[in-house]
Structures are given as C-alpha cells and as structure tokens.
Amino acid sequence: MAEPTPFPRPWHGASDRGSEPAVAALRAKRAEVEALMAWQHTRPGEAKTLAWWRLHGARQARLALLREEAHRLPPLPAPDGALSGWQKLRLRFGLLRLETAQPPGRIARLLREEAAPPDR
C-alpha cells in the first residue's frame, strides 16, 4: 500500500487566504448564521435581546463586506425589548434605519462587558 501524501495546506484552503474578499465574505456569512442560530435557540428575555444585538452586529459586519449585493439581504426583524422607547418611536416615524441602529445604553454596556477580556 502506498504511503499517503501529506497535504501542503488544510483541506479547505481558506486558512492561507484570509485577506481575500471572497473568503472574508464567507467567514462573515458563517458568523451571521451562527449568531442567528444562537438567537433562535435562546429563551425570551434579556439573553434573547443580547443575542439579537450580536446577530445585528454580525449582519452589519457582513453588509460592510457585501457592498453592492447588500440590498439583497432581507432586514432583520426587531424583537420586543431590543429597542429603547426612543428608538421604537424614531423607527415608527421613519427617522431610524434599523440596519444602522446602535444598541440602547444598558444593552451596549452588557455587550461591552461580555466582549472585554477577563481581568486576572
């Protein structure tokens, strides 16, 4: 039996081409899908709101990479509790675009705390 030939790089080949736009777009799509699955499988409440804002951030990162094709993605629905009262009012009157919205202060603080590296 012949000796198997070692592969010169990982089987998917994308690990050595991380700066290519197609690879970056694929990774952004995967991050968004993982965030969407996490949001769908989270129980209602504050955890679901945080998961939605993580999904929203992943979508914004992906839209920045897509540029011309960004209009093809459907908008994300905002669940209850994800927007502040002012944001809901601005959204209702058409003064807020959901795809560029930022999380309310309390939620932004929680997202920053969970993204920060732990202190030693």
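Quick caveat: nothing in here was measured; it's all calculated off a predicted structure. (Residues numbered from 1 in each chain as written. Predicted model: local features only at pLDDT ≥ 70, side-chain atom pairs only at ≥ 80, totals over all residues. Heavy atoms only, no water.)

A. Examining the environment of Thr100 more closely. One can find Thr100 in the loop between helix H3 (85–92) and helix H4 (105–115). Between the C-alpha atoms of Thr100 and Gln60, which are 40 residues apart in sequence, the distance is 7.6 Å. (Helix = DSSP H or I, 4+ residues; strand = E, 2+ residues; numbered from the N terminus.)

B. Quick look at the side chain of Thr49. If you trace the backbone, Thr49 turns up in helix H2 (residues 46–66). Overall, Thr49 belongs to the buried group, its relative accessible area being 8%. Setting aside residues no more than four positions away along its own chain, Thr49 makes contact with Asp80, Gly81, Ala82 and Ile107. (Buried < 20%, exposed > 50% of the residue type's maximum accessible area, 1.4 Å probe, protein only. Contact = heavy atoms within 4.5 Å.)

C. Broad picture of the packing of H2 against H4. At a minimum axis separation of 11 Å, H2 and H4 run at an interaxial angle of 75°. As the angle between them shows, H2 and H4 are arranged roughly perpendicular. Of H4, the residues touching H2 (which contributes Glu46, Thr49, Leu50, Trp53 and Arg54) are Arg106, Ile107, Leu110, Leu111 and Glu114. Taken together, the residues that form the contact of H2 with H4 break down as five nonpolar, one polar and four charged. (Axes fitted to C-alpha atoms, helices over the stretch in contact; angles between N-to-C directions. Parallel < 35°, antiparallel > 145°, perpendicular 65-115°, else oblique. Nonpolar A, V, L, I, M, F, W, Y, C, P; charged D, E, K, R; others polar.)

D. Molecular detail of the side chain of Gln87. Within the secondary structure, Gln87 is located in helix H3. Owing to a relative accessible area of 10%, Gln87 belongs among the buried residues under this scheme. A distance of 2.6 Å separates a polar atom in the side chain of Gln87 from the backbone oxygen of Gln102. Setting aside its immediate chain neighbours within four residues, Gln87 contacts Ala82, Leu96, Ala101, Gln102, Pro103 and Pro104. (Polar contact = N/O pair within 3.5 Å; in protein donor to acceptor, adjacent residues only side chain to side chain.)

E. Examining the layout of surface pockets more closely. Here the largest pocket defines a volume of roughly 160 Å³. The wall of the largest pocket is formed by Trp52, His56, Arg59, Leu63, Ala70, Leu73, Pro74, Pro75, Leu76, Leu98 and Glu99. For the lining of the largest pocket, a count of residues per class yields eight nonpolar, one polar and two charged. (1 Å grid on protein atoms, 1.4 Å probe; cavity = no way out; pocket = protein on both sides within 12 Å on 5 of 7 lines; lining within 4 Å. Points joined across faces, edges and corners; volume = space filled by probe spheres on them.)

F. Quick look at the packing of aromatic side chains. Counted according to the given criterion, the structure contains one aromatic pair. For the ring pair Trp52 and Trp53, a centre distance of 4.8 Å and an interplane angle of 80° mean the geometry is edge-to-face. When the ring centre of Trp39 is taken as reference, the NZ or CZ atom of Lys48 above it lies at 5.0 Å. (Phe/Tyr/Trp six-rings, centres within 6.5 Å; stacked < 30°, edge-to-face > 60°. Lys NZ or Arg CZ within 6 Å of the ring centre and 35° of its normal.)

G. Representation of the packing of helix H1 (residues 21–40) against H2. Contact geometry of H1 with H2 gives a least axis separation of 9 Å together with a crossing angle of 165°. Here H2 runs roughly antiparallel to H1, going by the angle between their axes. The chirality of how H1 crosses H2 is left-handed. Residues Ala24, Ala25, Ala28, Lys29, Ala31, Glu32, Ala35, Leu36, Ala38, Trp39 and Gln40 of H1 lie in contact with H2, whose contacting residues are Lys48, Ala51, Trp52, Arg54, Leu55, Ala58, Arg59, Arg62 and Leu65. Classifying every residue of the contact of H1 with H2 by side-chain character gives 13 nonpolar, one polar and six charged. (Left-handed = near helix turned anticlockwise from the far one by under 90°.)

H. Fine view of the pattern of salt bridges. For the structure shown, the criterion picks out five salt bridges. With its nearest N and O atoms 3.0 Å apart, the salt bridge here joins Glu32 to Arg62. With a gap of 30 residues between them, Glu32 in helix H1 and Arg62 in helix H2 connect regions that are remote in the sequence. Accessibility expressed as a relative area gives 13% for Arg62, which makes it buried. Linked through salt bridges whose partners overlap, the residues forming this network are Glu32, Arg59 and Arg62. (Salt bridge = Lys/Arg side-chain N within 4 Å of Asp/Glu carboxyl O.)

Any link to function would need more than the numbers given here.
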